[in-house]
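Topology and contacts: notes
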Amino acid sequence: MTDTAGGPGDRKGVLGPGAGASATGRGLRRRRRRRWLGGAALAGVAVLAGAGGVGWTVYTKLNGNITPDEAAAAELSRYEKERPTALVRGAQNILLIGSDSRSGEDNSRYGRDPGTERSDTAMLLHLSAGRHSVTAVSLPRDLMVEVPGCRRPDGSRSQPAFAQFNYAFEVGGSACSVRTVEKLTHIRIDHHVVVDFHGFKEMVDAVDGVEVCLARPVDDKAARLRLPAGRVTLSGEQALGYVRARKSLGDGSDTERMERQQRFLGALVNKVQSNRVLLNPVKLYPVLNAATSALTTDPDLANLRGLYALVRGLRDIPTERVQFLTVPRESWDQNANRDQLVEPAARKLFTRLRKDEPVTVAESASRPFGGDDGTGGSGTGGHDYRTYGNDHVPSAGKRGDEPADDAVPTPTFRGNTAAEERCE
């Protein structure tokens, strides 16, 4: 997609916690079976699983690094009666938000500070009950959605609007983003985590960089990125440029960039594991310090105990069951530079996640809409919608239990897992 002006949520910014990835099948190789240690959707959460080995003084410092999002908790409590109910005990849904804030000396390097911030990257992370699998669904910032009326930072309230998804975070912060996602998906969001540019870089530097594989050299002035072809270990600054880059990598679309962010995230988690960071106190502390300093979370997660409780059940999930995909989307029929959901596929995906039913990803699913650009010819990301069978999902806006669809095979989307990598 190309950047255009006009309408809420127009500013194009960048990244968030390394999100994005989908496999095309070219240059793909499967890594050895590895155990995912926890935060496949956010490396900062993953490394906290080792926090039990630090002393009380260090524990207290790290615990104090995390910023509790009290304002969001109060706002969500105000709307508790209209929020979705959880259907499956033990399943968890976490909204991960990458803020494009330019405030502060470090973040201001990436653009003018207009006094607001938007969710440049957002991922819905679904942890299955029993922790058998993890599914991370990227939500495009340009997706046109119904944004409810939300409390602004100055205490006033906005009017409901049909706008780009990232407008929700700008107008009402994380609480507005949570309410918007719940309205869109009917999935109860149990927790949320926000990371900005500086926090992302600090986490990458804390693990001594992350390796990626490039099929060709990169020279992107806008992203401040120059890299050779082949395997390259990225510093925090380079990693930020890599996940932000648009025109120098891939086809320039947000879908491709989200996929790249997902691949980088998988590589970051694998680096934490392969480096034995969690078993080495000397390596562990700077990673923990960077991770906790980078996080703003709901109050229940704003401490090491809460974060550890979240990730401790994830240690034995194999990387093959840590899945990444992008919500089924296509160009909005009123503006090709905006997105809309592909239905009924999107509703089917949301329903299965809400019911904690399996969703499968494959590096090269069928493309029923044709095309060879990785978007299925309609910006769909090549999802195999034919596996859905008949659509039994009620129209958007309906709440309550949807009828089971046991006769329909598990839907498959083009995506990847944390066990896969490719040169792009």
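Relevant structure appears above.
Presented here is an overview of the structure given in this document. (Residues numbered from 1 in each chain as written. Predicted model: local features only at pLDDT ≥ 70, side-chain atom pairs only at ≥ 80, totals over all residues. Heavy atoms only, no water.)

1. What to know about the overall build of the protein
If you tally the helices and strands in the protein, you get ten helices and 22 strands. Buried positions account for 59% of the 424 residues belonging to the protein. Split by element, the accessible area of the protein, about 17100 Å² in all, is 48% carbon and sulfur. (Helix = DSSP H or I, 4+ residues; strand = E, 2+ residues; numbered from the N terminus. Buried < 20%, exposed > 50% of the residue type's maximum accessible area, 1.4 Å probe, protein only. Areas by Shrake-Rupley, 256 points an atom, 1.4 Å probe, with all protein chains shown as cover.)

2. Details of the pattern of salt bridges
Inspection of the entire model under this criterion finds eleven salt bridges. The salt bridge partner of arginine 231 is glutamate 211, with a shortest N-O separation of 3.3 Å. Separated by 20 residues along the polypeptide, arginine 231 in strand S13 (residues 230-234) and glutamate 211 in strand S10 (residues 210-214) bring together distant segments of the chain. Given the relative accessible area of 38%, glutamate 211 is considered partly exposed. Linking arginine 329 and aspartate 339 is a salt bridge whose minimum nitrogen-to-oxygen distance equals 2.8 Å. Of this pair, arginine 329 sits in strand S17 (residues 329-332) while aspartate 339 sits in strand S18 (residues 335-341), and the two are ten residues apart along the sequence. (Salt bridge = Lys/Arg side-chain N within 4 Å of Asp/Glu carboxyl O.)

3. A few points about the environment of valine 218
Looking at the element boundaries, valine 218 is found in strand S11 (residues 218-220). Given a relative accessible area of 3%, valine 218 falls into the buried group. Measuring from C-alpha to C-alpha, the distance between valine 218 and alanine 245 comes to 9.7 Å, with 27 residues separating the pair along the chain.

4. Re helix H2 (residues 56-65)
Taken as a whole, H2 has its buried residues at Tyr59, Leu62 and Asn65. The arc that holds the buried residues of H2, viewed along the axis, is 120°, so those residues lie on one side. More than 90 degrees from the buried face of H2, the exposed residues found are Trp56, Thr57 and Gly64. Where the residues of H2 are buried, they touch strand S3 (67-68), helix H8 (281-294) and helix H9 (304-311). (Arc of directions from axis to C-beta. Contact = heavy atoms within 4.5 Å.)

5. Considerations on the side chain of threonine 135
Note that threonine 135 resides in strand S6 (residues 134-138). Within the structure, threonine 135 has its side chain in polar contact with the side chain of glutamine 323 (distance 3.2 Å). In this structure, threonine 135 is in contact with Leu124, Leu125, His126, Gln323, Leu325 and Leu353, ignoring residues within four places of it in sequence. (Polar contact = N/O pair within 3.5 Å; in protein donor to acceptor, adjacent residues only side chain to side chain.)

6. Points about the packing of aromatic side chains
A full pass over the atoms with the stated rule returns three aromatic pairs. On the numbers, 5.8 Å between centres and 50° between planes, the contact of phenylalanine 200 with phenylalanine 264 is tilted. On the criterion of sequence distance, the pair formed by phenylalanine 200 in helix H5 (residues 197-206) and phenylalanine 264 in helix H7 (residues 254-274) is long-range, its members being 64 residues apart. Phenylalanine 264 carries the same exposure label as phenylalanine 200, and that label is buried. When the ring of tyrosine 242 is compared with that of phenylalanine 264, the centres are 6.1 Å apart and the planes differ by 50°; the resulting orientation is tilted. Highlighted residues: tyrosine 242 in helix H6 (residues 236-244) and phenylalanine 264 in helix H7, separated in sequence by 22 residues. Here tyrosine 242 matches phenylalanine 264 in class, with each residue buried. Of note, arginine 260 hangs over the ring of tyrosine 242, and the distance from its end group to the ring centre comes to 5.7 Å. (Phe/Tyr/Trp six-rings, centres within 6.5 Å; stacked < 30°, edge-to-face > 60°. Lys NZ or Arg CZ within 6 Å of the ring centre and 35° of its normal.)

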